[in-house]
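Residue-level listing of the chains:
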Amino acid sequence: MKKILTLFLTFFKIGAFTFGGGYAMLALLENELVDKKKWLTRDEFLDMTAVAESTPGPVAVNSATYIGYKIAGIGGAAAATFAVCLPSFVIIYVISLFLDKFMSLKYVSYAFKGIQVCVVWLILSAGIKMLKSLEKNALNITVTVSVAVLCTLFSLFAVNFSSVFFILICGAVGVALFLFARIRNRGRTNK
Amino acid sequence: MIYLKLFLTFLEIGAVSFGGGYGMVSLIREKVLINGWLTESGFLDIVAVSESTPGPLAINMATFVGSSQGGFLGALTATLGVVLPSFIIILVIAAVIKGLMKYAGVQAFLSGVRPCVVALIISTAITVGLSSLFAIKTVKSAPIADFGALAIFAVLVIFALIFKRIKKKAPSPILMIVLSAGLGILFYGITEP
């Protein structure tokens, strides 16, 4: 029970004080759980990071569920996940109540016109940063270029095609290439 | 039934969005525009507020969209929807199939998904940029350059480049948001008093 309470408090703190989303949270989590509390070894933490980053959903929620489960079972997973979401939920809900009134102030609306431009920049630089970290191989280059071009054209020509399909098709392409390579290799070793 | 719709929409987003918060931005934008929940500029405002408040971007955006459409219950159902797939998938991985990530098939799937997510984010940036800087929403719309927005964008890019050269790291999103707010007040305050 004490473990669950500590998990709750730790993840509540992380949810309340980290700006900049999941990746910023990972550094804080490592410090808190590996260095201070020694609940996880560095290797376990790295395993957790790999799982949290490569499964769907917010990285912060994925990490909270995983670590909560490792330390205190399903109760721990639920407590940590709930705790990491709670501060966001309360803060954003309160802001959403006042945002419309706030935005109708003249200078606030000017400020938000500027901020909207900044959001374009933020999304673009997040994309470029991820692009740089991709390995430069044929699959990555082909998929990135074709999906970026198709998705932009679809939206300009108002074609209704969900990004979900892009994600699933590209995943299937990855699996198909893998199977193809394996069959070819098997053919070679048989000779 | 708006609550069910919010729940299912965010459940879908939570289940297929790889690559963390920004991976989700493209999907959320698509859904809120198709459902007519927000306009393009309303969506950008929500991203801005979500970026400048603590907590996971995805949770912030889900709570925001939910609250704008269905008040407190809407916020609750949207947030629950976006969290639930993560919670279940991670529990299954942690408890039942511990080595899932080590399977070659899973790695192969992810090898295709990873570049796709990057492409979706870049495409979202291009689409949002064309729409808010040049008023181009589809090929049919006549381009109108918003010179104020273009000037602000140029200042932001130059600032980020200089900052990176001097400090050896990218400026934080919050710093950029504060700067752009100031530029917005300065520019639009002068041109449309």
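Given the structure is predicted, the values throughout are model-derived calculations rather than measurements. (Residues numbered from 1 in each chain as written. Chains lettered and ligands numbered in written order. Predicted model: local features only at pLDDT ≥ 70, side-chain atom pairs only at ≥ 80, totals over all residues.)

J.: Got a minute to help me understand unusual backbone geometry in this structure?
T.: Excluding glycine, most residues fall at negative phi; most peptide bonds, likewise, are trans. Residue and element names in this part refer to chain A. Even without a glycine there, the phi angle at Lys-38 is positive, about 55 degrees. Along the polypeptide, Lys-38 turns up in the loop between helix H2 (22-36) and helix H3 (42-54). One non-glycine residue, Ala-158, adopts positive backbone phi at about 55 degrees. Note on placement: Ala-158 falls in the loop between helix H6 (138-156) and helix H7 (163-190). (Helix = DSSP H or I, 4+ residues; strand = E, 2+ residues; numbered from the N terminus.)

J.: Help me understand the environment of Gln107(B) in this model?
T.: Residues and elements named next belong to chain B. Tracing the backbone shows Gln-107 in helix H5 (residues 104-134). For Gln-107, a count of 14 C-beta atoms within 10 Å corresponds to the partly exposed category. In this structure, the C-alpha to C-alpha distance between Gln-107 and Leu-186, residues 79 residues apart in sequence, is 50 Å. (Buried ≥ 20, exposed ≤ 12 C-beta atoms within 10 Å, placed from the backbone.)

J.: Would you take a moment to explain the packing of helix H5 (residues 106-133) of chain A against helix H6 (residues 147-167) of chain B for this structure?
T.: The description of two helices packed together rests on the angle between their axes and the distance between the axes. Running from N to C, H5(A) and H6(B) point in directions that differ by 50 degrees, and their axes come no closer than 9 Å. The orientation of H5(A) with respect to H6(B), classified from their angle, is oblique. Here H5(A) runs over H6(B); the crossing is right-handed. When H5(A) is examined against H6(B), the residues Gly114(A), Val117(A), Cys118(A), Val120(A) and Trp121(A) are found in contact with a partner set consisting of Ala149(B), Ile152(B), Phe153(B), Leu156(B) and Val157(B). Across the contact of H5(A) with H6(B), the residue classes break down as nine nonpolar, one polar and no charged. (Axes fitted to C-alpha atoms, helices over the stretch in contact; angles between N-to-C directions. Parallel < 35°, antiparallel > 145°, perpendicular 65-115°, else oblique. Left-handed = near helix turned anticlockwise from the far one by under 90°. Contact = placed C-beta atoms within 7 Å. Nonpolar A, V, L, I, M, F, W, Y, C, P; charged D, E, K, R; others polar.)

J.: I'm lost on the nonpolar core in this one. Help?
T.: Note that soluble globular proteins tend to have their nonpolar side chains buried in a common cluster. Ile123(A), Cys116(B) and Ile121(B) are the most contacted members of the largest nonpolar core, which has 110 residues in total. Examining the composition of this core, we find that 18 residues originate from one element, helix H4 (residues 59-103) of chain A, more than from any other. (Core = buried A, V, L, I, M, F, W, Y, C linked by C-beta atoms within 7 Å.)

So, to be careful, I would describe these as geometric facts and stop short of saying anything about function.
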